[in-house]
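# Fold and geometry: a report
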Amino acid sequence: MQRNQSSSFYLGVDGGGSKCKAVVVNHNLEILGSAIAGPANPCVDYQLAIDSITESCGRALAEAGLSKEQHRIELGLALAGVNFDHVFQRVNEWSHPFHSMRLITDWHAACLGAHEGRDGAVIIVGTGSCGYVCVNGQSKSFGGHGFPVGDKGSGAWLGLQAMKAALLAKDGMGPPTLMKELLCTSLSCKPEDLAIRMVGASSAQYAQLAKTVFAANKQGDVQAAGILNEAIDYIEAMAHSILEYGPPRLSLVGGIAPFLMPLLNHRLREHISRPLANPEMGAVYSLLKNTKT
């Protein structure tokens, strides 16, 4: 999978609803620099995504002691939201400053990274959620329809469910829940101000509230347990659908994956393997392997 162009450097970027990570490697796949910037989902905010990509790339290249003006930099760009054709087209037409660019979905990059460019599958549970499998050149995605209509089981979805349960409890129309107090603490507000604090909130802001579900569940909160059970049911159903395609490996990746893994059925956990590399490296692998988006 390695190229013989020692003058080339590869820049892998993974951008999602909460952050944008960049890594610079040489032709031997040695990491020379890395950086993290802000949200980079062009489906939510195109200009913010471009700004975050530019910032993370610039900082990673600076750490590596490289410049796009003096060196041949090939960009592998993996983003949330580019599974929608019109978003993909817009980003793909970006007048980037690099020698070349390959654009792929964030779930494709996560899969390539988790299995070091080989066949496999991933379930991503971060700000959003989705599944992806690639076997013998054929790929299939599951979910990934975007928040709030999709992304079940994700951090953003958990935060939204916590808010719904807390508001019902506040109005006396639903069971009491510790999540109400935990949300008030997290947002530094009174119960009557919970809704107004989240007007126009992004998926990343809702994802920040997912911690209240895990915290309340740890303290025995029935409503939090119910939310997590619904999330786990969805993820397990997705996993079973993915395994029908016979991937040699399946990994659970994303910011809340470590919190959800222990809740999965133990038989399913036996089918889940540790990811071998991160999505940024997956974006690099996309430059080195002729795979289908």
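Model, not experiment: these values are computed from the prediction.

### Here's the deal with the overall build of the protein chain
Helix and strand counts for the protein chain stand at 12 helices and nine strands. For 293 residues, the compact-globule formula gives about 19 Å, and the C-alpha radius of gyration of the protein chain, at 20 Å, lands near that figure. For the protein chain, with 293 residues in total, the buried portion stands at 52%. In the protein chain, the share of contacts with a sequence separation of at least 24, taken over all contacts with a separation of at least 6, comes to 63%. As displayed, the protein chain offers around 13,500 Å² of accessible surface, 50% of which is attributable to carbon and sulfur atoms. On the protein chain, the mean spot of the 24 positive side-chain charges and the mean spot of the 25 negative ones are 2 Å from each other.

### A closer look at the packing of aromatic side chains
Enumeration over the complete set of coordinates arrives at three aromatic pairs. Considering the side-chain rings of Phe147 and Tyr206, the 5.4 Å spacing of their centres and the 50° angle between planes classify their relative orientation as tilted. Residue Phe147 is found in the loop between β8 (138–143) and α4 (155–170), and its partner Tyr206 is found in helix α7 (residues 203–207); the two are separated by 59 residues along the sequence. The class of Tyr206 is buried, set by a relative accessible area of 11%.

### Quick word on the pairing of strand β4 (residues 72–79)
The buried fraction of β4 is high, at seven of eight residues. Pairing of β4 with strand β5 (residues 100–105), which is carried by six bridges, proceeds in the parallel orientation. Note on β5: the bridge partner recorded for Glu74 is Ser100. What joins β4 to β5 is helix α2 (residues 85–92), and the crossover it makes is right-handed.

### Description of the sheet that holds β8
Strands sit in the order β8-β7-β6-β9 across an open sheet of four strands; the sheet is mixed. Only two strands of the sheet have a single neighbouring strand rather than two, namely β8 and β9 (250–253). The mean angle between the axes of side-by-side strands here comes to 15°, regardless of whether they run parallel or antiparallel. With six bridges joining them, strand β7 (residues 129–135) and β8 adopt antiparallel strand pairing. Note on β8: the bridge partner recorded for Gly131 is Phe142.

### Focus on the side chain of Asn41
When you line up the elements, Asn41 lands in the loop between β3 (31–37) and α1 (46–64). Within the structure, Asn41 has its side chain in polar contact with the backbone nitrogen of Cys43 (distance 2.9 Å). With residues up to four places along the chain from it excluded, the contact list for Asn41 reads Gly16, Gly17, Ala49, Ala80 and Gly81.

### Things to note about α4
With 16 residues, α4 extends 22 Å from end C-alpha to end C-alpha; this agrees with the ideal 22 Å at 1.5 Å per step. Among the 16 residues that make up α4, 12 are buried, leaving the element largely enclosed by the rest of the structure. When α4 is considered as a whole, its buried residues turn out to be Gly155, Ala156, Trp157, Leu158, Gly159, Leu160, Gln161, Ala162, Met163, Ala165, Ala166 and Ala169. Taken together, the buried residues of α4 touch α5 (178–187), α6 (194–197), α7, α8 (210–218) and α9 (222–243). Immediately downstream of α4, the backbone of Gly172 shows phi near 70°, a positive value.

### Thoughts on α1
Here α1 is 19 residues long and its end C-alpha atoms lie 27 Å apart, about the 27 Å a rise of 1.5 Å per residue gives. Tyr46, Ala49, Ile50, Ser52, Ile53, Ser56, Cys57, Ala60, Leu61 and Ala64 are the residues of α1 that are buried. End-on, the buried residues of α1 take up no more than an arc of 165°, which puts them together on one face. Turned more than 90 degrees away from the buried face of α1, the exposed residues are Ala62 and Glu63. Tucked inside the fold, the buried residues of α1 contact β1 (8–15), β2 (20–25), β3, β4 and α2. The N-cap residue of α1 is Asp45: its side-chain oxygen and the backbone nitrogen of Gln47 are 3.3 Å apart.

### Observations concerning the pattern of salt bridges
Summed over the entire model, instances satisfying the criterion amount to seven salt bridges. In this structure, Arg118 and Glu116 form a salt bridge, with 3.3 Å as the shortest nitrogen-oxygen distance. With relative accessibility at 49%, the residue Arg118 sits in the partly exposed group. Two residues, Lys152 and Glu230, come together in a salt bridge whose shortest N-O distance is 3.1 Å. Within this pair, whereas Lys152 is found in the loop between β8 and α4, its partner Glu230 is found in helix α9, the two being separated by 78 residues in sequence. Note on Lys152: relative accessible area 27%, which makes it partly exposed. Judged by relative accessible area, Glu230 falls into the partly exposed class, the value being 37%.

Conventions adopted
Residues numbered from 1 in each chain as written. Predicted model: local features only at pLDDT ≥ 70, side-chain atom pairs only at ≥ 80, totals over all residues. Heavy atoms only, no water. Helix = DSSP H or I, 4+ residues; strand = E, 2+ residues; numbered from the N terminus. Rg over C-alpha atoms; globule rule 2.2 N^0.38 Å. Buried < 20%, exposed > 50% of the residue type's maximum accessible area, 1.4 Å probe, protein only. Contact = heavy atoms within 4.5 Å. Areas by Shrake-Rupley, 256 points an atom, 1.4 Å probe, with all protein chains shown as cover. Lys, Arg positive; Asp, Glu negative; His and termini not counted. Charge placed at Lys NZ, Arg CZ, Asp CG, Glu CD. Phe/Tyr/Trp six-rings, centres within 6.5 Å; stacked < 30°, edge-to-face > 60°. Pairing = 2+ DSSP bridges. Right-handed = clockwise from strand over helix to strand, strands pointing away. Axes fitted to C-alpha atoms, helices over the stretch in contact; angles between N-to-C directions. Polar contact = N/O pair within 3.5 Å; in protein donor to acceptor, adjacent residues only side chain to side chain. Expected span 1.5 Å × (residues − 1). Arc of directions from axis to C-beta. Salt bridge = Lys/Arg side-chain N within 4 Å of Asp/Glu carboxyl O.

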